[in-house]
Amino acid sequence: MFSQQDVKNTIDRVIGYSKLPGCEVNVQWTEDNFIRFANNGITTSGYRVTQQISITSTTADKRSGNAVVGELTDEALKNAVKQAEDLATISHPDPENMPALPAQKYPRLNNFDSYTAGARGDVMVPQVKAVLAGALKNKLVTAGFIQRSANAVGVGNKAGLFGHHTYTDSSLTHTMRNPEGTSSGWATQSSVSLKDLDGGEQARVSIAKCLGGVNRKKLDPGKYTVIMEPAAVADLIGWLAFAFGARDAEQGQSFLSKAGDVKNSTSATLVGEKLFPETITLRSDPFHPKLASTPWGPSLLPNEKISWIEKGVVRNLVYDRFWAEKAGKKPTPSPVNLVLDGQDNTLADLIKSVDRGLLVTRLWYIRVVQPKTWQLTGLTRDGVFLIENGKVTDPVTNFRWNESPAEVLQRTTKLTQPVRVTNDETGSNMAPALITTDFNFTSISDAV
């Protein structure tokens, strides 16, 4: 593994080659194993060790250039520094570029699992076999991916900043399809520890969705009471976090802006106001034991526990270093490692409480429609089911939807406890299933 001393030596070498006033170095080292399967068989297995050194050089007049290199030889590092400095000298000055951060006190995180770091294919193959066995037994076709990784990251600059951290991660995701291609089931699990993955449990979920999704009914688009499973909720809260920028809110360009002409002041925002039910608490938690978090984010500020929404009240906005200085505020790290707190309900409890509604497995292809209201659009995928009188009855076709995740949370009435979900759209978050009312489906989608 790339040790703290390895990282420090590499950063010191790069800084030693630098001639410009500013030089920031980011180190990423990853060792991973993976198995890919499709058509009910293993298609690929692999073991990789990758390393990446990102170098950003900055001139005295705020011109920056970046270069990335995968080699650690003196020649490669020298060439990368020269490339970054050459790019900096021909770039335009960035008036919002902030001085390099000095030494920071980064938190200690406990998300390294030695079992996962040392795992090889022999402990992942049984999980894949459990999925394949389920597919064959039920005459379905499956495809998916399992991986585990051990990671070392580091950062340093000429101002004396240095950080190093190691963590592990793992995930198993797969899809079940019937031979006719008319029904699909999907399941995923992710954790810092590979021991938390269970291929047999996953297969039971995806098989039930696939077998239950045949002969889908067509429902008219419209507004429905919806139970969103954790995968769908995780993407919504991940997208919602993008809308917590203080600059947009203070300039009247956000759903968190107050009506009126006040600009560049916290009096122009809805911080401190209750916009959501008391059951809604959304927070960042880099210390959560199941999240593969790092002690710092893209801004290099120390990650910390931050409540964005606390018992329905908007508590904080995201201040980057430039806007924080301008507004006279403390800069904040970005809203990552999100946790949406839940309640002591099960998914079965949620279903029993709905007279008529829809159960949605996950969302897909999410894009912004209206930035100020943060209205998004996307599709449902891999299982939508009708709920009648507290029971799941019939599968229905997929929909396109238009919704603001803020309004979805405002209309939320009940939640389960959160679980970790890693999605393609917004990465990894802790999300519960939830019930929301009047979810807006705008058209039918023929996708499976």
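Scoring rules and cut-offs
Here the residue numbers are simple positions, counted from 1 along each chain's written sequence. Only residues with pLDDT of 70 or above have their local features reported here, since the model is predicted, and side-chain atom pairs are shown and tallied only from 80 upward, although totals for entire chains, interfaces and linings are computed over all residues. Think of the side-chain values as coming from all heavy atoms in the structure, minus any hydrogens and water. What makes a nonpolar core is a set of buried Ala, Val, Leu, Ile, Met, Phe, Trp, Tyr and Cys residues whose side-chain atoms join them at distances within 4.5 Å. The rule is simple: take the accessible area with a 1.4 Å probe, protein chains only, and divide by the maximum for that residue type; under 20% is buried, over 50% is exposed, in between is partly exposed. Helix numbers and strand numbers start at the N terminus; a helix is a DSSP run of H or I with at least 4 residues, a strand a run of E with at least 2. In this description, contact between two residues means that some pair of their heavy atoms is separated by no more than 4.5 Å. At least two bridges found by DSSP between two strands are what make those strands a pair. Axes, fitted as lines to C-alpha atoms, cover a helix only where it is in contact. Angles between the N-to-C directions of the axes lie from 0 to 180 degrees. Put simply, a salt bridge is a Lys or Arg side-chain nitrogen that is within 4 Å of an Asp or Glu carboxyl oxygen. Ring pairs shown here join Phe, Tyr and Trp side chains whose ring centres sit within 6.5 Å, with only the six-membered ring taken for Trp; geometry is labelled stacked below 30 degrees between planes, edge-to-face above 60, and tilted in between. Here, a charge over a ring is recorded when the distance from Lys NZ or Arg CZ to the ring centre is within 6 Å and its angle to the ring normal is within 35 degrees. Our angle categories are set so that under 35 degrees counts as roughly parallel, over 145 as roughly antiparallel, 65 to 115 as roughly perpendicular, and the remainder as oblique. Note on convention: the crossing is left-handed when the near helix lies turned anticlockwise from the far helix by less than a right angle, right-handed when the turn is clockwise. Ten residues, namely Ala, Val, Leu, Ile, Met, Phe, Trp, Tyr, Cys and Pro, are considered nonpolar, four, namely Asp, Glu, Lys and Arg, are considered charged, and the remaining ones, Gly among them, are considered polar.

A. Molecular detail of the nonpolar core. Ranked by size, the top nonpolar core spans 56 residues in total, and within it Met228, Phe244, Phe255, Leu340, Leu358 and Phe441 carry the most contacts. With nine residues, helix 6 (residues 230-241) is the single largest residue contributor to this core. Contacts of phenylalanine 244, omitting those with residues within four sequence positions, involve Phe255, Leu256, Trp308, Ile309, Val314, Asn316, Leu317 and Val318. One finds Val14, Ala76, Leu77 and Val81 within the second-largest nonpolar core, a separate group that totals 19 residues.

B. Molecular detail of the sheet that holds strand 2 (residues 41-58). Here six strands make up an open sheet; going across it, the order is 3-2-1-4-5-6 and the pairing antiparallel. Strands at the two margins of the open sheet, each flanked by one partner only, are strand 3 (64-69) and strand 6 (184-191). If you compare each strand with its neighbour and ignore which way they point, the axes differ by 20° on average.

C. Summary view of the environment of leucine 275. With respect to the secondary-structure elements, leucine 275 resides in the loop between helix 7 (246-250) and strand 8 (282-284). In sequence terms leucine 275 and lysine 19 are 256 residues apart; their C-alpha atoms lie 51 Å from each other. Setting aside residues up to four positions removed in sequence, leucine 275 forms contacts with Leu256, Leu270, Gly312, Val314 and Gln410.

D. Here's a closer look at the pattern of salt bridges. The final tally for this structure, using the stated rule, is 23 salt bridges. Of the charged contacts, one joins arginine 13 and aspartate 74 as a salt bridge, the two residues approaching to 2.8 Å between their closest N and O atoms. With arginine 13 in helix 1 (residues 4-17) and aspartate 74 in helix 2 (residues 74-90), the pair connects residues that are 61 residues apart, well separated along the chain. By relative accessible area, arginine 13 is classed as partly exposed at 27%. One salt bridge connects lysine 217 with aspartate 394, and the closest N-O pair in it is separated by 2.8 Å.

E. Representation of the packing of aromatic side chains. Per the counting criterion, the structure on display carries 12 aromatic pairs. A ring pair is formed by phenylalanine 244 and tryptophan 308, whose centres lie 6.2 Å apart and whose planes are at 65°; its orientation type is edge-to-face. In this pair, phenylalanine 244 sits in the loop between helix 6 and helix 7 while tryptophan 308 sits in strand 9 (residues 306-310), placing the two residues 64 residues apart along the sequence. For the pair tryptophan 401 and phenylalanine 439, a centre-to-centre distance of 5.8 Å together with 55° between the ring planes defines the contact as tilted. On the criterion of sequence distance, the pair formed by tryptophan 401 in strand 15 (residues 398-403) and phenylalanine 439 in strand 19 (residues 434-445) is long-range, its members being 38 residues apart. Each member of the pair, tryptophan 401 as well as phenylalanine 439, carries the same accessibility label: buried. By the ring-pair criterion, three or more aromatic residues cluster together here, those being Tyr224, Phe399, Trp401, Phe439 and Phe441. Of note, arginine 362 hangs over the ring of tryptophan 186, and the distance from its end group to the ring centre comes to 4.2 Å.

F. Expanded view of the packing of helix 1 against helix 2. The N-to-C vectors of helix 1 and helix 2 enclose an angle of 50°; their axes lie 9 Å apart at closest approach. When the interaxial angle is binned, helix 1 and helix 2 end up oblique. As helix 1 runs across helix 2, the sense of the crossing is right-handed. Contacts from Arg13, Val14 and Tyr17 of helix 1 reach helix 2 at Asp74, Leu77, Lys78 and Val81. Of the residues in the contact of helix 1 with helix 2, the class split is four nonpolar, no polar and three charged.

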